[in-house]
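# Observations on the three-dimensional arrangement
Residues per chain, in single letters:
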Amino acid sequence: QVQLVESGGGMVQAGGSLRLSCAVSGSIFSINAMRWHRQAPGNQREWVAGIIGRNITNYADSVKGRFTISRDNAKNAVHLQMNTLKPEDTGVYYCNAHVRTSAGGWMDDYWGQGTQVTVSS
């Protein structure tokens, strides 16, 4: 079993910053891609940023230049530094990891429960 736990959400004024973290634990052989997604009220969940390996990153256009994704492979963790936050960044942020639980086994997607980010104008 694999668990993902997000932390670092909260309420901030527009222009402020937050740093989200996600810790992956359980039966882990290896982790490939790690991603952040978000879901605003009434909207579908959308991809925000992803990282493969140590430093191959990509971002949604809406956050490019403001958000930075990073990972700590030794701790099986991924972070999302969010700067210059806007009210439209409000939503529940979910961590997602592509995990192999045993040598030669399949890779599966796992999700955290989400952490709320609220940006006030």
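Bear in mind that the values here come from a model prediction, so they are computed numbers and not experimental data.

Moving on to the sheet that holds strand β3 (residues 18–26). Ordered in space as β1-β3-β8-β7, the four strands form an open sheet in which the pairing is antiparallel. Both outer strands of the open sheet, β1 (2–7) and β7 (67–72), are each paired with one neighbouring strand and no more. Going across the sheet, the axis of each strand differs from the next one's by a mean of 15°, ignoring polarity. Examined bridge by bridge, β3 and strand β8 (residues 77–82) share six bridges and lie antiparallel to one another. Note that in β8 the partner of S21 across the bridge is H79.

What follows concerns the packing of aromatic side chains. Aromatic rings considered in pairs are described by the distance between their centres and by the relative angle of their planes. Under the defined criterion, the tally for this structure stands at zero aromatic pairs. In this structure, R45 is placed above the aromatic ring of Y94, and the distance from its NZ or CZ to the ring centre is 3.6 Å. The ring of W111 carries R45 above its face, with NZ or CZ at 4.9 Å from the centroid.

The next subject is the pairing of strand β4 (residues 30–39). The sheet contact formed by β4 and strand β9 (residues 91–100) spans eight bridges and is antiparallel. When the sheet's bridge partners are listed, R38 is paired in β9 with Y93. In terms of strand pairing, β4 meets strand β5 (residues 46–52) through five bridges, oriented antiparallel. Paired with R38 across the bridge in β5 is E46. Between β4 and β5, which pair antiparallel one after the other, the connecting turn spans six residues, and G42 there sits at a positive phi close to 80°.

Positioned with a positive phi, N76 is a non-glycine residue whose angle comes to about 50°. Tracing the backbone through its elements, the reader meets N76 in the loop between β7 and β8. According to the relative accessible area criterion, N76 is partly exposed, its value standing at 25%. Located in the positive-phi region is T84, a residue other than glycine, with phi close to 50°.

Rules and cut-offs
Along each chain, the written sequence defines residue order, and numbers are assigned to residues from 1. Given that the model is predicted, a residue must reach a pLDDT of at least 70 before its local features are reported, and side-chain atom pairs must reach 80 or more before they are shown or counted; all residues, however, enter totals for whole chains, interfaces and linings. Each side-chain value is worked out from all heavy atoms of the structure, with water and hydrogens disregarded. When DSSP finds two or more bridges between two strands, those strands count as paired. Starting at the N terminus, helices and strands are each numbered in turn, a helix being any DSSP run of H or I of at least four residues and a strand any DSSP run of E of at least two. To get an axis, a line is fitted to the C-alpha atoms, and for a helix only the part in contact is used. The angle between two axes follows their N-to-C directions and goes from 0 to 180 degrees. A pair of Phe, Tyr and Trp rings is counted when the ring centres sit within 6.5 Å of each other, with Trp represented by its six-membered ring. The angle between the planes then sorts it: under 30 degrees is stacked, over 60 is edge-to-face, the rest tilted. Sitting over a ring, as applied to charges here, requires NZ of Lys or CZ of Arg to be within 6 Å of the ring centre and within 35 degrees of the ring normal. Relative accessibility decides the category of a residue: with a 1.4 Å probe and only protein chains considered, values under 20% of the type maximum give buried, values over 50% give exposed, and everything between is partly exposed.

None of this, on its own, says anything about what the molecule does.
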